[in-house]
Structures are given as C-alpha cells and as structure tokens.
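Each chain, written out:
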Amino acid sequence: MKRYAKYIRPYLYAFILGPIMMLTEVAGEVLLPSFMADIINVGAANHDVGYIVQRGLVMIVTAFIMMAGGVLGAWFSAKAALSFGADLRRDVFEKVQTFSFANIDKFSTGSLVTRLTNDITQVQNVLMMALRMLLRAPGMLVGAVIMAFVMNRSLAAIFLVVMPILALTIGMIIKTAFPRFTLMQVKLDALNTNIQEVLTNVRVIKSFVREDYQKEKFAEANKDLKESGLRAFKVVIFQMPVMMVFMNLTTLLVVWFGGNQILDGSMQVGNLTAFTTYVVQVLMSLMMLAMVLLSSSRAIASLRRINEVLDTQVDLTDEGARYAQAPVKRGRIEFKDVSFRYYKNSEEKVLEDINLTIEPGQVVGIIGSTGCGKTTLVSMIPRLYDVDEGEVLVDGINVKDYSLKHLREGVGMVLQKNVLFSGTILENLQWGDENASEEEILQVARDAQADVFVKNLAEGYETELGQGGVNVSGGQKQRLCIARALLKKPKILILDDSTSAVDTATESRIREAFSGSLKETTKLIIAQRITSVMEADQIVVLDEGRIVGLGRHEELMEACSAYREIYDSQMKEEVLA
Amino acid sequence: MDEARKERLVKKYARKSDAAGMPGGPGGPGGPGGPGGKGKGPGRRGMPVKKPQNAKAAVGRLFSYLNADMGKLVFVFICVIAGTISSLAGSYMLRPIINGLTQEGGNARKLLYSLLVMAAVYAVGIIAQYLQQRIMIVVSQGAIERIRNELFEKLQKLPVRFYDTNNNGDIMSRFTNDLDAVGDMLNNTVVQIISSVINVVGTFCLMLYTNVWLTIVTVVMVPLMMRAAGFVAMRSRKYYQAQQAALGTLNGYIEETVTGQKVVKVFCHEETAKEEFEYLNYDLRDKQIFAQFFGGIMGPVMGNLSQVSYSLTAMIGGILCVLRGFDIGGLTVFVNYSRQFSRPINELSMQMNTIFSALAGAERVFKIMDEAPETPDGENAVALTPCKGHVVLKDVTFGYNPDKTILKNISLYAKPGQKIAFVGSTGAGKTTITNLINRFYDIDAGSITIDGVDIKDIRRDNLRQNIAMVLQDTHLFTGTIRENIRYGRLDATDEEVVEAAKLASADHFIKRLEHGYDTMIEGDGANLSQGQRQLLNIARAAVSKAPILILDEATSSVDTRTERHIEHGMDRLMAQRTTLVIAHRLSTVRNANAIMVLENGEIIERGDHHELLAMKGRYYELYTGKKELD
C-alpha cells in the first residue's frame, strides 16, 4: 500500500474531496425521507400549509445541494483516479526505460504494452468507481441506520438482525463467484489465443485443408467458455432474489411492528413511510459494496501485473561505476576469460572462456553458425548483458566502471533486429545525434550508401517512414540503420549481421567508406556471408560459444576446419561455376 | 519541449489511433443483478458510440439467433410482466395499509392479513424475476455461442484475399469487443427495456389513479430532465472523442517505443522517450478527466433531478392532504412512484449507448458473415486420385487488384518429381505464383492444370491436399511438437512423425528438448529459434504425402552450414515430389531442374544454374553479388 502513497499525495485534496462531496449527496438522501415524514407527521396532521411549503422548499434546496455534491464529487474522483493512473503509467514507462536487455527479454513486448495500456486503464476505472462508491455505500448504510435509530429505536433494531445475515450471504456469494469468474477469464483467454492463431495461420490451415478440424477445436473452446460463463453468472443472478427476499422481508417486518406501534399510538405514521425508504437504502448500499468488490477483482489482477514490472530487479546499472566521468577514447577492446549463460541456473554456457584483444581502428569479422553466440559476444561490449565470469575491458577500463551513457555513446551498435521509428528519415537519423549539422548527416548517409536512394525518394530526407520503416526495402532499411549509428561518431562500431540484405557491391562500398572516414574507429562485423569478413584484420570463428579460430583469412583457411567448412558451403559452387 | 515538437508528436501517432482501439472492453462480472439504484455506476467506458447503419435490420437478424429459444423467451416475457406488475402492486398495497392505520377501526388482525397478501405478491415478483434472469442468461449465452461459432465457421470459408485485406486485430475485435457488446445487450438490455416500458406505463396509470394533480407535476418534470440529459450527453460525447484520440496516440507511442526498446537503449534515448511520453501521458490525462467527469455526472444530475421531483410532489401532495383531503397512504405511495417513474426513463436513456454499440457491433459481425466465401466447387469438380504432380501454367495473368497486374503471361511446366525454382526481388511475383496454384487466388487469364486437369475443375480440398506448403512465416499452433508436425496429416503415426522430423533434420534438436516430442509450443513457438521453427514447418510438410511441394523461403532463417546439413534430407523430401522453390539465397536453388528469374511479373530468364550463369544476364549478376535483392 505504501508504494501508492506517492501517487495519492499530490492529489490528496481530490482523493479526500471526492468521497466527501459524495457524502453530501448521501446526507441529503437520508435526510429527505425524514423531511417527508415531517410533512406527514406535522404539516398534514396539523393542517399547517405554511409548514408544508417551508419543508418542501427545504427538500428542493437539499436536492440541489445534493446535485452540486454529486457533480463536484464526480470531478474530484475523476481527477484523483486519472492523475493516479497517469503517474503510475509514467513510473511504469520510466521503469521500462531502465530495463536491461535481459529484463526486456523476460517480458514479451506485447505484455509490456498491455500492462502500460489496458492494465492501467483498468486500475483507473475501478479506482474511480471506488472513489465514488467507497464512502457512498457505507455512508448511506450508516446514515440510514442512524436516522432510523433516531426516529424509532425499537423498530431500527430490525436492521441489526437483518444486516449481518445479509452481509454474510453476500460475502458467501462473492466468494463463490470470484473463482468462477477467474476461470471464465482463463477460458476467454484460451479462446482468444485460438482465434489469434487461426488468423495468423490461415494459409497453413487452408493449404492443409484443416478447416473442419479447426472448427471442431473452436466449437469445443467456445462451449467451454459458455459453460464456465454460465457457472459464474448463475451465482451473480442468485444474488438478486436473495437481496429481494431480504428487502421485502424487512419491509414487511417494519410495517408489521411499525403498524402495531402506530395502532397503540407510540409511533407516527409519517415515520413508517420514512422507514420503508431506509430499508431500501440500507440494502442497496450493501449491494453496491458487493458490486465494487466484484469488479475490483479485475483491477487487482491488473495491479499485480503492473507491480511485476515495477518490482523487476534491474540487473544492470552503472551505480558502482568507478570512472563514471570517463568517455571511451580510443576503442581498444579486451575480453578476458569471459563466460556467459542466459539463465543463471542453466547448464549450457552461451559463451565460454573467451579471450580476445582488439586494437583501436581494427576491423574484426565474426562468423559462425546460428546460435553460436556471435551476437551475445558483441553485446558484452556496450554492456547490453553482463558477463558471468571474466571481464570485458574497453580502453583498459572494465565496462562496468563506465557510466552506461558514456559507454553506449562510445559504442555504436547496429542490431540484428533493427527498428526504424515513425517520422521522417531525417528524424530517424537524428537519433544518432540530435544536434548534427546537415553536412554531418549527409556525410554519414553517403558513407552508409544511403544518400543516393534517399535523394531519389520524392521527399528526400523528409520522407515519412511508417512504423518500423515499412516503406523502404530491407537493404535500404539496413543502410539507414548504419547511417544512424555512424552519426554517433562512435569509437567502436558493431554491425550485427546488418548488411545481410545489402548486395555485395554496395556492401563493399560501405566497407571502403569505413576504411576512409572511419579509420580510427574499431569495427566489429558479424556476418553470414564470408565475403563480408574476408578482408578483416582479424576473423573470429565461433562455435557453440567458443572461439575455434582466430586470425586472418589465409591463416584460417589453413588452420581452422570450421572456417573452411563455411567457406566451402558458400564458395564451392561459385568456383566451379 | 517546444510546441512544434509536441504537435508533431501528436500528429505522428494520431494516425494509428483507429487501429489501436481499446481492447478489453466491457467488464464481465457484475452484469446482471446490478443495483437498481439510480444508475450511478462509473461512466460508461469502452468504445465510442458508433451508430448502427441500419438498426432495424441488425435487430431483426440478431433476434433470429434467439428463434430456437422462442418458447423460453415467451416464458421470460411472461415472467417480466409478472415481476413488474407484482412490484408495482406491492408498492401500491402500502396505501390501504397506511390508511388503515390512520383511520378509525384499524387493528392488528387486518394489518397481518394485508401483510400476508403483500408477502405473497412479493414472492411472486421475486420468483418471476429470478426465473427471468436465470433463463435469459442461458438463452443469451447460447445465442452468443452460436453467433461466435457461426462467425468462426464463416471465417474458415473466406478466401485468403479477405485475410490479406483485413488486419487481424480488426477481425479479432469482432470476436471480443463487438460480441461482448452484443452479449451485454442480450443479457440485460432486452429484458430491461421491456420491464422499463411496463414500469413506466404501469406507474403512470397508478399515479393517475392515485392523484391526477400530482401526476401532472411529475410529468412536467420529464422534459426538463430530458433536456439536462441531452446537455450532459452532448458534452460527454465530445470529450469522449478527444479522450479516445489521445488514448490512441499514447498507445501508438507506447507500442512503438516498447517494440524498439532495445534500439532506444543502444542510442541512450531513454531521456527523450521519457520526455515525449510524459507529454502524451498528461495530455491524455487532461482530456480523460473531462471525459470521465461528464460521463460521471449523468448519474448525479438525473438522480437528483428526480429527488427534486420527489420533493415537489411531497410538498404539493402535503398541501393537497390539507386542502383536498388527499389520503396519507396515497401520498406515501405516490412519492415512491414519482421516484420509480423517472428511474426507468433514466435507465432507458443510459441503455441507449449500450444498444447502439451492441447494434453497431452486431453489424460489424454480420458484415463478415455476409462476405463472399471461396467460390464453391463446380458440380463436375473431380478429385485427382492419385495425383502425379504434373503442373502446367499457361499464359497466366493475374493481379490482386484489377488495375495492377502482378503476373504477365507466365508459362511454365513441372513434370512429376522435378524441382523448379523462382528467384527475383520482392514484388516480382514469386509468392504470387504459389498463391495461384493452390487457388488462394483465382487467375484472371490463362490456365493452370495439374495432371492435365484445370485446377478450377478439381475439388478445392483435394487440390490443396495434394499440395504441401512450407511458408516463410513460421507460425505454429499451441500444442505439442508432435501435434504440430502431425498437422500435416492427422492420421500419421508416431513413427511417421519422427521419420518426418528426421527428414527435416529437426529430430536432433527436438530430442534435446526437455520433453522431446511432447514439448508444448506456446505463444507461437517463442521458445524455439526462428530456424528451428522453420525445420518444424518442413517436417510438417514432410509428413503429408502430397505429391506437390511448395517451399517459400523455407530455409531463410537457417544458416548456410545447417542448411548444408539438411540438404540431404531436403533432397529426399523433394525426390518423389514436384517441388516449387522460392529462395532468396541463391545457393539453395542451384540444383533445380529449372530456375525462373522473375522481374516485374515476367519471366526474364530461364534455364538451369549453369545455363543461366553462362548467359551472363540478371541471374549472373545476382549470383555474383553485383545486384541487390530486396
């Protein structure tokens, strides 16, 4: 509970005023029947028209005050709940910004998005409802009971008997309904997954002629959902007659005992009228409480999912950095006995005993089959993941001792699964350096061989890219991503399979540009194509997390069988041809 | 952040607001049996109210799903009437009781007698209401189940074109948001409308019967309340739209940023992201507060106006008691009626939103149901048993839209057992050819025959059973690995499944998984690598005995070394089958019997690998890396 205090404190007045305004409404609601009783007991009994008019006007004014209370209450509770939600959403978003890559991998993108959108909305809605109902329902309950006691103590005692029994019954109903609704939600999720799957797989289904099979599967899931839904709703429906029985029974008891009191003259008839109203109010407020409780179940589930994000331990920070002020100056990289596994308790190591030294300005090629750890290896340099054993040094300083900002500013990385964002090409390039001059931007675009095709677009650098850069081809997208990284002017540049869709001629021009304007920069190139790395100063051959070959092309052709095998698989036919 | 940047930010993501929508929709619990109250629940959330195009038709069609339960519905109807009448009667009975207490000659025996009658009336009402809800929930859930099934079955019949032109999220929301809204309406609204109408009419009659003057006072209040409701509703709608737009913008921003989170980190863009988010987040909040405020005051405004009406009748009724001898019992029941009278009117006006969104939802569902299905097989359609796999395309011309031709005069043949490869850039029409052979799309001109029979004359299920496809998108189904492979042929034995996995070189990695072939695939196979999923897809095709095999970028995510390892298996897989291969990586297609180089929908070069290299044409350029393949 304590963690939410900071979302409440700035809006404390709204959190307090909202329910209080609602109480105004409640106060009016319990007072009105007693004014009504006055009209009957005093006005009508004494034939006092003046009194009746006076009381009547008081009632009307009360009703308007109630309206003002209700309207203000709605304002404050909207303000409180939505501000709470907005602040919470901001914190979740900011938390996600601090996530390490490992954290991001743990949550899927989709689930993070849902938590930031739907789950927060869910919490906001229930909170708003709670703020309106929270004091209202109990307030009405207490108010009506007090008024009843003031009017007629012995008659009001009926409430004391009925209320606990009813509360108990409602409690039992909710307790039964809760798990049934949870189960229904599970079935609903299952059905939705089924639909989603069928929609994405439509070609597979059609090509294997499995429509009937899918129909059967769906019908089954559908029936399942219906039945669990019925089981849940039946309980809720049962609540209604229970309430009605209690309400009517109480009314009958009140009229019976009250009637007898009127007959023996110990009670006035107007009070009986007021009493019947109180019966309805008391029972209604109990019912409202039950409603709030039932619908809060969803919000609690949402809140739990949100807290999962907030509670995530960010396993990679720069808090202990010893050289927080130091920037990356030269770009010398050293791996010392580095080992890494993705899950702390998994047997298999992704990287094992990596030792590697890369001098500033060198070009290093990294090659090996899928899943052999190439991406993981380079991810250690900008500290996207932390090593389990050993250390990675940049310019002789352990990467953990840099501030993340300085380290990542010094290391430009073009990810394998790269993304462009909505906005113009120019805006996307400016991710590398917001204050870059036009000249600088054109220069990196030329280096990445992107300048020509961008200029050929109707709107040039002002061309709008759709989300994920859908309106440029794969090879063009990769070149833009490279240009974006170049603009950072990094000391170390990492290309993770980022020219796979670029043709070899263009690729070699990019490499040429590297050796020109990026001479000083250390360059690491991961590639599938052996031609992409053949000319590197050093080639690292990885296999199942170990370095099995290290050296120049000719050396490896001599000494490394794995390298030769890759070479053969790509080049043999060509030589033959 | 300066104004220009804010504006751009909003503009950038606003476009997506339509698609982003708001899944989740109306809540499940607490539907039926909610408090009668004065409808002071939270402001209606969910979709903006879209008016149905043709409400009458939608209602009629919706009710056709209830036909099967006509008997039950009649019973429900009777229950509603009985329940409403008994509740009206129950409250009216207070009048003689109270009058009996205030007039001379009242005694406990008379009181007891009246109370017993009242209890009986109450009992009838409660039973009737319970039965009505209990039956209605079964009826409505049944109807929803039927609609859902029918919608799903319809989807199975729709052509691939439908899926290519509609986005999945949109179709998905028919099942979730739209059907939820319809379900809500069937659950509550229908019954509520009937009972509200009876209530209003009944109360009105009883009010008239009790006192004409007071009735006039009450009725005069009604237009005033309508006015107020209209005023609030108008503003609420306006701010609601602003809220939805801002919500869409923020959701679009969140989705894109979180999807690109790793890039954000690599570029140290966290601070900018926070700043932009902050702006959009609080922009949404400001709009939301207004929207929710106006949504939230409908209840208090209407409720308290009815309190005003209650106060007025109390005052005037009191005066009438003094001046005209109106009875106290009459006054008591009348003030209760004056509240009851406005309640159903309020409820009806609030139900309008539910009804509109339900009908609009129903229309969207029906729209899918009315889509044209795949053209049915002709009467003379035949089944090829056995199919040898001799594929011939003759002057095939095709375009997805009539105004844009994708394939022009394509002619080619593949003899049984031959391997034909297609290369060319994206958009050249490679995948389109495979879409035509299994009739995902029908050609515009020319002909495609298999074993000499035009594919339009082959039964569609038979045609597709004879063609196994391995697609570039490696989607899998929730279930075990074994089930996923068996999808290729449902009656395949376990041995055949393993055999197929071996052929696709998948057996090796499957065995290393903790549960082997019984490993559950969840979330579209997120626990497998892209390459592994492709191998499973190949195994799935291998288990089917189809004589024609289509491989569309089937090994694009498998690295060259692994690809070389599985080459042997692939060769065996293709050996007895006619195979059409599309590959980005040219090394994959070298050993094809014929390679077709496609450009702009035309075959510009054809021949085997060596012939094409010797031609020194486009293929040669591609192969030697002089040209980029996109």
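Residues numbered from 1 in each chain as written. Chains lettered and ligands numbered in written order. Predicted model: local features only at pLDDT ≥ 70, side-chain atom pairs only at ≥ 80, totals over all residues. Heavy atoms only, no water.

Peer 1: I'd like to hear about the overall build of chain A, residue by residue, with values.
Peer 2: Helices and strands together make up the secondary structure of chain A, namely 19 helices and 12 strands. A compact globule built from 577 residues should have a C-alpha radius of gyration of about 25 Å, whereas chain A, at 36 Å, is more than 25% larger. For chain A, the C-alpha atoms occupy an extent of roughly 115 × 55 × 50 Å along the three principal directions. Relative to its full complement of 577 residues, chain A shows a buried share of 59%. Here the analysis covers contacts within chain A between residues at least 6 apart in sequence; of these, 78% occur between residues at least 24 apart. Counting only carbon and sulfur atoms, one obtains 58% of the accessible surface of chain A, whose full area is about 23300 Å². (Helix = DSSP H or I, 4+ residues; strand = E, 2+ residues; numbered from the N terminus. Rg over C-alpha atoms; globule rule 2.2 N^0.38 Å. Buried < 20%, exposed > 50% of the residue type's maximum accessible area, 1.4 Å probe, protein only. Contact = heavy atoms within 4.5 Å. Areas by Shrake-Rupley, 256 points an atom, 1.4 Å probe, with all protein chains shown as cover.)

Peer 1: Give me the lowdown on the pairing of strand E9 (residues 548-552) of chain B, citing residues and values where you can.
Peer 2: Residue and element names in this part refer to chain B. Across the 5 residues that make up E9, a large majority, 5, are buried. Residues of E9 alternate between two faces, with Ile548, Ile550 and Asp552 on one and Leu549 and Leu551 on the opposite face, all of them buried. For strand E6 (residues 467-470) and E9, the ladder comprises 4 bridges, and the chain directions are parallel. Residue methionine 469 lies in a different strand from E9, and its bridge partner there is isoleucine 550. (Pairing = 2+ DSSP bridges.)

Peer 1: Would you mind going over the packing of helix H9 (residues 212-259) of chain B against helix H11 (residues 270-324) of chain B in detail, with residue names and values included?
Peer 2: Residues and elements named next belong to chain B. Following both chains from N to C, one finds H9 and H11 inclined at 170 degrees, their axes separated by 8 Å at the closest point. Here H9 is positioned roughly antiparallel relative to H11, judged by the angle of their axes. A per-class count over the contact of H9 with H11 returns 33 nonpolar, 14 polar and 5 charged. (Axes fitted to C-alpha atoms, helices over the stretch in contact; angles between N-to-C directions. Parallel < 35°, antiparallel > 145°, perpendicular 65-115°, else oblique. Nonpolar A, V, L, I, M, F, W, Y, C, P; charged D, E, K, R; others polar.)

Peer 1: Outline the sheet that holds E9 of chain B, supporting the account with residue identities and numerical values.
Peer 2: All names here are of chain B. Across the sheet, which stays open at both edges, the 6 strands sit in the order E6-E9-E10-E3-E11-E12 with mixed pairing between neighbours. Whereas interior strands pair on both sides, the edge strands pair on one side only; in this sheet they are E6 and strand E12 (602-607). Here the average twist between neighbouring strands, direction ignored, is 20 degrees. Pairing geometry for E9 and strand E10 (residues 578-582), over 5 bridges, is parallel. Residue pairing across strands places isoleucine 548 opposite threonine 578, the latter belonging to E10. Sitting on the sheet, helix H18 (residues 530-543) is in contact with E6 and E9, with an inclination near 175 degrees to E6.

Peer 1: So what's going on with the packing of aromatic side chains? Which residues, and what values?
Peer 2: Enumeration over the complete set of coordinates arrives at 29 aromatic pairs over all chains. Between tryptophan 75 of chain A and phenylalanine 293 of chain B, the aromatic rings sit 5.3 Å apart at their centres with planes inclined by 90 degrees, giving edge-to-face as the arrangement. Of this pair, tryptophan 75 of chain A sits in helix H3 (residues 49-98) while phenylalanine 293 of chain B sits in helix H11, placing the two residues on different chains. Residue class for tryptophan 75 of chain A comes out partly exposed when judged on its relative accessible area of 24%. The class of phenylalanine 293 of chain B is buried, set by a relative accessible area of 12%. Connected via pairs of aromatic rings, a cluster forms that spans Trp75 of chain A together with Tyr239, Phe290, Phe293 and Phe294 of chain B. One residue, arginine 210 of chain A, lies across the ring of tyrosine 487 of chain B, its end atom 5.8 Å from the ring centre. (Phe/Tyr/Trp six-rings, centres within 6.5 Å; stacked < 30°, edge-to-face > 60°. Lys NZ or Arg CZ within 6 Å of the ring centre and 35° of its normal.)

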